[in-house]
Each structure stands twice: as C-alpha cells, then as structure tokens.
Amino acid sequence: MLKDKKVVIIGGSSGIGLESAKQLIAHGAEVIIASRSEDKLRNAKEQLGDRATAYTLDTTQEQQVQSFFEKIGQFDHLVVSAAETSGGSFLQTDTAQARKLFENKFWGQYYAAKYGASKILPNGSITLFSGVVAYKSMVGSAILGAVNAAISNLGQTLALELAPIRVNIVSPGIIDTPSRSKMAEEARNNFYNAVENKLPVKRIGRAEDVAQSVLYLLQNGFVTGTVLHVEGGHILT
C-alpha cells in the first residue's frame with residue numbers, strides 16, 4: 001500500500017523520523033525529509049539513497065513552512081516528528097523557554113498541517129506527534145505535557161475538519177533516540193534503568209517501535225482521529 005507513495009517527513013533526518021523514512025523506503029515509498037540541520041540531512045540522505053530528497057526547514061518560521069509545501073507540490077502522506085523538547089520545574093522555568101517549547105513543537109506541527117493539507121492527494125493522511133506526558137503527569141513536565149495535550153486535541157479536531165484526509169497522532173513514551181545524547185551517559189543510563197523497571201515491557205522504546213506505528217497509521221485507511229500510544233504501558237504505571 002506504500003509502494004510509489006510520496007511521504008513527507010518533517011524531522012526525517014534523525015531518530016524516529018529517520019527510522020520511519022528507512023522503513024517507508026523498504027516498502028517502496030519515496031520520501032521527502034526536512035529538518036533544520038544540513039549536516040543531519042546530508043548524513044540521512046547518504047543512508048536513505050536515491051528514493052529520498054532532503055530540504056532544510058525551520059518549522060518555527062511560518063513563511064518557510066508555507067514556501068516548502070508550495071515548492072514540493074502534491075504528495076500522499078505527511079508525518080511531523082520534528083520537535084525540540086525540554087523539561088524543568090514549572091516555577092523555575094523561564095517563560096521565554098516555555099514559549100519556545102510551544103513554538104518548536106506545537107506551532108511547528110500546526111504550520112505543517114495548515115500548509116500541507118491542501119497538497120495531500122486523495123486517501124492521504126497527516127500524522128502528528130504528541131507524547132506520554134500528555135496522559136501521565138510527571139514532575140518537571142508541566143509545559144511539555146500541555147504542549148503534547150494541545151497537539152493531540154488539534155489532531156483529533158483536524159480529523160473532522162480536514163476529512164476525508166485522515167489525521168492521527170502518535171504518542172511515544174521514553175524512546176532511546178539521539179535527542180537524548182545531550183544527557184550525560186551515566187545520567188541517561190540511570191534514567192533508562194529507572195524507567196525500564198517500571199514498565200510492563202521491561203525495556204526502553206526504540207525508534208523502530210515508533211516507526212512501525214507510523215507505517216500502520218499511513219496504511220490503515222479506516223483509522224483517523226486516533227492517538228496511538230507507543231509507550232510500553234507507561235501510562236498504566
């Protein structure tokens with residue numbers, strides 16, 4: 001069902017987006033990846049080969065997003081996995097940092113859906129990315145949880161407003177991706193171990209776990225307005 005389909009992945013240069021691109025190409029799709037980092041895009045393009053096209057894009061810039069979709073023309077599916085996330089105490093977090101988180105994760109996905117929708121071919125879809133802290137409250141995640149909840153609600157409402165385009169939301173849990181490389185190795189390992197011990201599946205998520213969920217949402221034409229939780233049972237603990 002994905003053979004020769006054109007899929008746009010904003011955030012496709014690393015982590016979950018890159019793994020999704022790899023799996024889509026393995027299924028015969030053509031991918032267009034976009035992100036801010038030219039170095040990451042260059043590396044991703046080398047891994048993905050001739051069935052991938054790469055564009056530099058800052059999703060916090062509305063005009064850039066609009067121009068990007070005008071440039072690439074029509075396509076079948078849109079996946080927006082790009083986002084910078086952060087956490088911290090609600091009272092101690094600077095308001096500018098909180099606004100930046102909204103700019104990066106919420107407004108970036110908002111712009112992508114707004115300007116991408118008119119370019120999507122019949123039977124196409126949009127997949128947005130929320131996250132587990134929208135559904136499981138955690139100390140230090142007040143702002144990120146609010147952003148993720150806003151994205152989930154946006155996606156479910158767009159499933160009605162943009163119909164028959166299907167709109168779904170992936171809500172990952174704790175996933176081992178390059179975005180966590182900013183943590184010191186010992187701190188990261190301790191964090192992973194603590195989470196693993198709580199999860200029913202007894203392991204941290206991998207990028208391929210989430211990518212498989214993305215492919216499911218792209219292929220199943222009877223799924224829309226769904227928040228697909230990929231978090232190893234985290235919200236149950």
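About the criteria used
- Residues numbered from 1 in each chain as written.
- Predicted model: local features only at pLDDT ≥ 70, side-chain atom pairs only at ≥ 80, totals over all residues.
- Heavy atoms only, no water.
- UniProt positions renumbered as here; feature names shortened; annotations may be inferred.
- Axes fitted to C-alpha atoms, helices over the stretch in contact; angles between N-to-C directions.
- Helix = DSSP H or I, 4+ residues; strand = E, 2+ residues; numbered from the N terminus.
- Parallel < 35°, antiparallel > 145°, perpendicular 65-115°, else oblique.
- Left-handed = near helix turned anticlockwise from the far one by under 90°.
- Contact = heavy atoms within 4.5 Å.
- Buried < 20%, exposed > 50% of the residue type's maximum accessible area, 1.4 Å probe, protein only.
- Pairing = 2+ DSSP bridges.
- Right-handed = clockwise from strand over helix to strand, strands pointing away.
- Phe/Tyr/Trp six-rings, centres within 6.5 Å; stacked < 30°, edge-to-face > 60°.
- Nonpolar A, V, L, I, M, F, W, Y, C, P; charged D, E, K, R; others polar.

- The name recorded for the chain in an unreviewed UniProt entry is NAD(P)-dependent dehydrogenase, short-chain alcohol dehydrogenase family, from Lysinibacillus fusiformis.
- UniProt annotates the chain under Sequence similarities (unreviewed entry) with the comment "Belongs to the short-chain dehydrogenases/reductases (SDR) family."

## Notes on the packing of helix H4 (residues 95–116) against helix H5 (residues 142–161)
- Remark: H4 packs on H5, axes separated minimally by 9 Å, with the N-to-C direction vectors making an angle of 15°. Classified by the angle their axes make, H4 and H5 are roughly parallel. Relative to H5, H4 is oriented so that their crossing is right-handed. Judged by residue contacts, Ala-98, Leu-101, Phe-102, Lys-105, Phe-106, Gln-109, Tyr-110 and Ala-113 of H4 engage Ile-143, Leu-144, Ala-146, Val-147, Asn-148, Ala-150, Ile-151, Leu-154 and Leu-158 from H5.

## Topic: the pairing of strand E5 (residues 120–129)
- Burial within E5 is extensive, with seven of its 10 residues counted as buried.
- Here four bridges tie strand E4 (residues 75–80) to E5, and the two strands are oriented parallel to one another. Its bridge partner lying in E5, Phe-75 is registered against Ile-120.
- Handedness of the E4-H4-E5 crossover: right-handed.

## Some thoughts on the packing of aromatic side chains
- Applying the stated criterion across every chain, the model contains 10 aromatic pairs.
- Between Phe-106 and Trp-107, the aromatic rings sit 5.1 Å apart at their centres with planes inclined by 85°, giving edge-to-face as the arrangement.
- Phe-106 sits in the buried class, given a relative accessible area of 13%.
- These aromatic residues form a ring-pair network of at least three members: Phe-102, Phe-106, Trp-107, Tyr-110 and Tyr-111.

## Things to note about the sheet that holds strand E3 (residues 52–56)
- Strand order across the open sheet formed by seven strands is E3-E2-E1-E4-E5-E6-E9, with parallel pairing between neighbours. Two strands in the sheet have a free side with no partner beyond their single neighbour: E3 and strand E9 (227–230). Neighbour-to-neighbour, the strand axes of this sheet turn through a mean angle of 20°, independent of strand direction.
- Pairing of strand E1 (residues 6–10) with E4, which is carried by four bridges, proceeds in the parallel orientation. Paired with Val-7 across the strands is His-77, a residue of E4.
- Across the face of the sheet, helix H1 (residues 15–26) comes into contact with E1, strand E2 (30–35), E3 and E5 while running at roughly 170° to E1.
- Packing against the sheet, helix H7 (residues 207–219) makes contact with E1, E4, E5, strand E6 (166–172) and E9, and its axis sits at approximately 165° to E6.

## A word on the packing of helix H3 (residues 62–72) against H4
- Orientation of H3 relative to H4, taken along the N-to-C sense of each, is 35°, at an axis distance of 9 Å. Our pair here, H3 against H4, has a crossing hand that is right-handed. The segment H3 lies against H4, with Glu-62, Val-65, Gln-66 and Phe-69 engaging Tyr-111, Ala-112, Lys-114, Tyr-115 and Gly-116.
- In the contact of H3 with H4, the residues fall into five nonpolar, two polar and two charged.

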